[in-house]
Structure formats: structure tokens, C-alpha cells
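# Structure at a glance
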Amino acid sequence: MLWVLFLLVAWGAAVVTCVRLCLVSARTGLLSGASADDVRSSGAGHELTLYETAFLAGGPHRVVDLALVTMHLRRRLLLAHTGWATVVDPVGRDEMERTVIRATGPQGQSPIPPVRKAAATADAVRALADRLVAAGLALPGGAGTDVAAAVRAVRGAAVLVVAMGVVTLLTPGQEHGPGGPVVSLLVRFGLPLALTVGCLAIARMEIHPYSSWASPAGQRLLAENEVPVAGADRDVLAAIAVRGVRAVDDPALRAALGGGPGGPLR
């Protein structure tokens, strides 16, 4: 009767993860909480700035990376391939640049990871996030991260259900129904598997892509709006805002933003 224990584990994982996904999605207002007209009207007429684009596409750290590269390309900040940031011009052109300058410390020089961490939690970035949330373009507190984690949990539960079924099939001495072991396996584990697969299918239709920061309206603006950037660095800055530092072609700059040579890029 070990199959009963395996079936209970499969059902428990399926129910718990699916309920969690539904609750998280409902809490963030993503599952049918807004009609198509509401999504279209939210943020209507709002033209995204470069920093707003970076936040919706990648969150606070993407905003800081964009500010760092902007200052580096315009010779106001030096990003060394060793992973250090050095202030060249101590007068920031906007509040985000002034935040980065303050994050480098009184000496005007610091390793890049602490600068990124300090600036990402600064008032300027929080104010940007609050404005986007108020406009209906961003999720409060990066709630989309919880949704993505819940989706991964349901996927894991689906794999667990299959694994429990296989273990049941391979365990010797188990009782099988009149249709044989395969039919018995489908009867016992088919429902929890259908529950998880169905939940994943609904989630994909309703809330995919599983953005960590942008609301459905924000994702729509990201897809439709051209990123406004002035100057010769337009393509580089726009690419960083949308895709992050992986879009940088300069090996030295990639090494700097990755925390040094061979450092991880996000």
C-alpha cells in the first residue's frame, strides 16, 4: 500500500502549489482582476523615460546599471575592468546620478557591487518605483517575483507527481487495477497531474510573461514604446535599459559591471 503514501505526497504538492499560485496572482491583481480595457487605459498617454523603462524591464538594479553606464559613457564616472567605480565629475545631472555619486562614498571611489546595492535602495529609486506603481505600470514591491516563484513551484509539483507515479510503478509488490499497472497509474495520479498542468496552462494564458516588475499595462508600454534616448550613445543605453548589462559589447565595461573579470552578469 505504499502507493497511497506516494499519492498523498503527489496530491499535497499539487494542491498546495496551485493554491499558492492562485492566491499570489489574486493578491497582485493579475488573474482577471483587470479587463482588457482597464489594461489599455492604465498608463494611457504615459511616455516612458529611460529610467522607467529600465525599472519595468529589470527592477532597481537595472536602473542603477543604466545610470552607471550613462555616466561612464559621458565621462562623468570611470568604470574600471577591475570592478571599481571612480567619480570624475562630482556634479550629477539628475537625482539618479547624484544617488550614484553619493553611493561611491566621500572618497569618490568604491567597488561597483556596493555602489549598485546602495543606490538600488536609495530614495530616488524608491520614488521612481512609487510613481510607476501609482500609474498602474509596475507591481508593488516586485510582487511579480512571487508569481514567478509560484509558477516554478507548480512546475516542480508536476514533476513530483510524475516521479511519484514512476516510483509507484517500479515498486515491487504493489496492487494494480484490472487494466494493468499503466492504467492503474493513470487513474491514481492523473488527477493531480491534470490539476498542475491545467493551472500552468491558465497561468500562461493569463499572466505570461511572468514579469517581476511590470504590470500588464507596463509590459504593453515596454512592447510598444520606443525608448527615448538622445545622443550618440542611444543604442547602447536603450539596449541596457531593455536587456540589461548583457547587451554591452565592450569587454572591459562588461567585466566592470560583472564585478570584475569573469564576474557574473545579470
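What follows concerns the environment of G12. In this fold, G12 is placed in helix α1 (residues 2-27). Along the sequence, G12 and P192 sit 180 residues apart, while their C-alpha atoms lie 8.8 Å from each other.

Quick look at a nonpolar patch on the surface now. Judged by side-chain polarity, W11, V15, V19, L23, L191 and L195 come together as a nonpolar surface patch covering roughly 520 Å² of accessible area. Put simply, the parts of the chain that give the nonpolar patch at least two residues each are α1 and α9 (181-207). Per element, the largest residue contribution to the nonpolar patch is four residues, and it comes from α1. The residue V15 is located in helix α1 in this model.

Further remarks concern the state of the cysteines. One pass over the structure, following the stated rule, counts zero disulfides. Looking at C18, it has no disulfide partner, and the nearest cysteine sulfur is the one in C199, 3.8 Å off. With a relative accessible area of 5%, C18 lands in the buried category. In this model C22 remains outside any disulfide bridge; the closest cysteine sulfur is found in C199, 4.7 Å from its own.

Before going further, it helps to spend a moment on the packing of helix α4 (residues 60-73) against helix α5 (residues 95-103). Where α4 contacts α5, the two axes come as close as 10 Å, and the packing angle between them is 90°. Considered as vectors, α4 and α5 are oriented roughly perpendicular to each other. On α5, the residues touching V63, A67, L68, T70 and M71 of α4 are M96, E97, V100 and I101. Of the residues in the contact of α4 with α5, the class split is seven nonpolar, one polar and one charged.

Parameters at a glance
- Residues numbered from 1 in each chain as written.
- Predicted model: local features only at pLDDT ≥ 70, side-chain atom pairs only at ≥ 80, totals over all residues.
- Heavy atoms only, no water.
- Helix = DSSP H or I, 4+ residues; strand = E, 2+ residues; numbered from the N terminus.
- Patch = residues over 30% accessible without salt bridge, like charges linked within 9 Å, V, L, I, M, F, W, Y side chains within 5 Å.
- Areas by Shrake-Rupley, 256 points an atom, 1.4 Å probe, with all protein chains shown as cover.
- Salt bridge = Lys/Arg side-chain N within 4 Å of Asp/Glu carboxyl O.
- Disulfide = S-S within 2.5 Å.
- Buried < 20%, exposed > 50% of the residue type's maximum accessible area, 1.4 Å probe, protein only.
- Axes fitted to C-alpha atoms, helices over the stretch in contact; angles between N-to-C directions.
- Parallel < 35°, antiparallel > 145°, perpendicular 65-115°, else oblique.
- Contact = heavy atoms within 4.5 Å.
- Nonpolar A, V, L, I, M, F, W, Y, C, P; charged D, E, K, R; others polar.

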